[in-house]
Amino acid sequence: MEAKIGKLLDSVGNFFTGADQIPWCDTDIVAGCEREVTEAGKGSSDELKSDCIMRLSWALVHSRRPEDVQRGIAMLEASLAGTNSPLQKREKMYLLAVGYYRSGDYSRSRQLVECCLEIAPDWRQAQTLKKTIEDRIKKDGVIGIGIAATVVGVVVGGIAAAFARKN
């Protein structure tokens, strides 16, 4: 019984705080990945450069700083067109979906994660992200309905108060 109550309280808390299961990335990690990319640019193989850029992209879209997330999105979009491997394309689309989720563009995020699931239908990470996106869309809808209901209540209350004063 206590476990059920604890889950309920966690669920309510997560609803209001917007908690999700997507990891965050510290600025230290972003800086470290930027150093890796710089060092890889000094005569390393194309594969190493590509791996370093992917790690940096991952760090950027998982950052708490909106400007980092936008930078990560731009890097991934620029590199997506030149991607031939279905696995790399799936990874980049997934990271783009995370970036768009972090930036609040839930419809674009959902569209990208659905493309990932077309490539790999059993990919648990993408399934989890899709559920997270859908939960967030539902939550935002519930909050929007609550705000609209409050506004309607205030207007109706104001009209009722005005009629009460006239009488």
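- Labelled according to an unreviewed UniProt entry, the protein chain appears under the name Mitochondrial fission 1 protein, originating from Vitis rotundifolia.
- As its UniProt record puts it under Sequence similarities (unreviewed entry), the protein chain is described as follows: "Belongs to the FIS1 family."
- According to UniProt, the comment filed for the protein chain under the heading Function (unreviewed entry) is "Component of the peroxisomal and mitochondrial division machineries. Plays a role in promoting the fission of mitochondria and peroxisomes."

**Remarks on the packing of helix α3 (residues 46–61) against helix α4 (residues 66–80)**
In step 1: Two numbers describe how α3 lies on α4: the axes approach to 7 Å, and their chain directions differ by 140°. In terms of orientation, α3 lies oblique with respect to α4. Along this stretch, α3 crosses α4, giving a crossing that reads as left-handed. Along the contact surface, α3 presents Ile53, Met54, Leu56, Ser57, Leu60 and Val61, while α4 presents Asp68, Val69, Arg71, Gly72, Ile73, Met75 and Leu76.
In step 2: Here the contact of α3 with α4 is built from residues that sort into nine nonpolar, two polar and two charged.

**Considerations on the environment of Arg71**
In step 1: Along the polypeptide, Arg71 turns up in helix α4.
In step 2: Between the alpha carbons of Arg71 and Val61 there is a distance of 7.9 Å; along the sequence they are ten residues apart.
In step 3: Setting aside residues no more than four positions away along its own chain, Arg71 makes contact with Glu34, Leu56 and Leu60.

**What to know about the environment of Glu134**
In step 1: Secondary-structure assignment places Glu134 in helix α7 (residues 124–166).
In step 2: Put simply, Glu134 and Ser107 are 27 residues apart on the chain and 9.3 Å apart in space, counted from C-alpha to C-alpha.

Criteria and thresholds
Residues numbered from 1 in each chain as written. Predicted model: local features only at pLDDT ≥ 70, side-chain atom pairs only at ≥ 80, totals over all residues. Heavy atoms only, no water. UniProt positions renumbered as here; feature names shortened; annotations may be inferred. Axes fitted to C-alpha atoms, helices over the stretch in contact; angles between N-to-C directions. Helix = DSSP H or I, 4+ residues; strand = E, 2+ residues; numbered from the N terminus. Parallel < 35°, antiparallel > 145°, perpendicular 65-115°, else oblique. Left-handed = near helix turned anticlockwise from the far one by under 90°. Contact = heavy atoms within 4.5 Å. Nonpolar A, V, L, I, M, F, W, Y, C, P; charged D, E, K, R; others polar.

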